[in-house]
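# Structural overview
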Amino acid sequence: MTVPTPTGRRERKKAATRQKIADTALRLFLERGYDAVGIREVAAEADVAVTTLFSHFASKEALVFEQDADFERRLAEAVTGRAPDEPLVPVLRREVEALVRHCTADEAAPLWHLIDSSPALRQYEASMRLRHAESLALAVAAAPGEPRTTTACRALARFAIDAYALARDADDPRAALDEVFPMIEAAWAATGPARS
């Protein structure tokens with residue numbers, strides 16, 4: 001999954017610093033364990049000030065989820081950027097499937113083991129999923145097409161985010177999505193357009 005490349009020199013430098021901090025933190029966490037590494041150690045190893053680290057990442061947990069904002073943006077853009085006649089649920093499924101493929105790739109296994117071994121990271125990941133669902137719900141509500149109630153938009157968003165989590169943890173992620181998304185599509189169809 002690629003993050004858009006910043007165009008200006010300053011933006012490229014900031015992006016490179018952010019990536020260096022994230023890569024350094026992940027390396028240290030994987031080598032020594034999440035709880036054994038402090039913020040000051042990450043900053044020192046990345047050769048940045050602690051204030052610089054915090055200007056890029058709001059918390060220690062955020063260092064592990066450095067693609068969080070990109071995932072959230074991609075989900076929203078999948079909805080708002082689709083063609084007016086393109087059905088919503090299949091578009092969501094394609095984006096969720098891409099995120100699941102990214103998160104279940106062999107190289108992601110050590111990261112998920114790290115997350116699963118830390119209560120703080122599991123809690124952060126759960127709150128991140130809720131935030132993604134709220135952001136996605138806003139995108140669904142603003143998207144062209146048949147309008148739905150706020151509750152229906154929020155439910156669809158939560159179902160999609162939960163489908164991602166279920167598929168990521170499944171032995172066969174694609175089969176899990178094949179099972180879950182027809183239920184999501186049926187639930188969305190059952191809500192019908194919002195009435196004024």
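Residues numbered from 1 in each chain as written. Predicted model: local features only at pLDDT ≥ 70, side-chain atom pairs only at ≥ 80, totals over all residues. Heavy atoms only, no water.

On to the overall build of the protein. Of the regular secondary structure elements, the protein holds ten helices and zero strands. Ordered by position in the sequence, the α and β elements of the protein form the string α-α-α-α-α-α-α-α-α-α. The dimensions of the protein, computed from C-alpha atoms along their principal axes, are 55 × 40 × 25 Å. Of all 196 residues assigned to the protein, the portion counted as buried reaches 43%. Look at the contacts in the protein between residues 6 or more apart in sequence, and 71% of them connect residues 24 or more apart. Of the roughly 11,000 Å² that the protein leaves accessible, carbon and sulfur atoms contribute 54%. (Helix = DSSP H or I, 4+ residues; strand = E, 2+ residues; numbered from the N terminus. Buried < 20%, exposed > 50% of the residue type's maximum accessible area, 1.4 Å probe, protein only. Contact = heavy atoms within 4.5 Å. Areas by Shrake-Rupley, 256 points an atom, 1.4 Å probe, with all protein chains shown as cover.)

The next thing to look at is the side chain of Arg-148. Structurally, Arg-148 is set in the loop between α8 (119-142) and α9 (150-169). Here Gly-192 takes part through its backbone oxygen, which lies 2.9 Å from a polar atom of the side chain of Arg-148. (Polar contact = N/O pair within 3.5 Å; in protein donor to acceptor, adjacent residues only side chain to side chain.)

Glancing now at helix α7 (residues 109-116). Of the positions making up α7, those classed as buried are Trp-112, Leu-114 and Ile-115. Seen end-on, α7 carries its buried residues on one side only, within an arc spanning 155°. Packed against the buried residues of α7 are α1 (9-32), α4 (60-64), α6 (88-104), α8 and α9. (Arc of directions from axis to C-beta.)

The subject of this paragraph is the nonpolar core. Core analysis: the biggest nonpolar cluster contains 58 residues, and Phe-29, Val-42, Leu-63 and Leu-136 have the highest contact counts within it. The greatest single-element share of this core, amounting to ten residues, is contributed by α9. Setting aside residues up to four positions removed in sequence, Leu-63 forms contacts with Ile-21, Ala-22, Ala-25, Phe-29, Ile-39, Val-42, Leu-53 and Phe-57. (Core = buried A, V, L, I, M, F, W, Y, C linked by side-chain atoms within 4.5 Å.)

Attention now moves to the packing of aromatic side chains. What the rule picks out here adds up to two aromatic pairs. Measuring from centroid to centroid gives 5.0 Å for Phe-29 and Tyr-34, while their planes differ by 65°, and the two rings are edge-to-face. Side by side, Phe-29 and Tyr-34 carry an identical accessibility label, which is buried. Taken together, a centroid distance of 5.3 Å and an interplanar angle of 25° make the contact between Phe-65 and Tyr-124 stacked. (Phe/Tyr/Trp six-rings, centres within 6.5 Å; stacked < 30°, edge-to-face > 60°.)

Bringing the packing of α1 against α7 into the picture now. The interhelical angle for the contact between α1 and α7, taken along N-to-C directions, is 70°, at an axis separation of 10 Å. In terms of orientation, α1 and α7 fall into the roughly perpendicular class. Of the two possible hands of crossing, α1 and α7 adopt the one that is left-handed. Judged by residue contacts, Leu-26, Phe-29 and Leu-30 of α1 engage Pro-110, Leu-111 and Leu-114 from α7. Considering only residue class, the contact of α1 with α7 consists of six nonpolar, no polar and no charged. (Axes fitted to C-alpha atoms, helices over the stretch in contact; angles between N-to-C directions. Parallel < 35°, antiparallel > 145°, perpendicular 65-115°, else oblique. Left-handed = near helix turned anticlockwise from the far one by under 90°. Nonpolar A, V, L, I, M, F, W, Y, C, P; charged D, E, K, R; others polar.)

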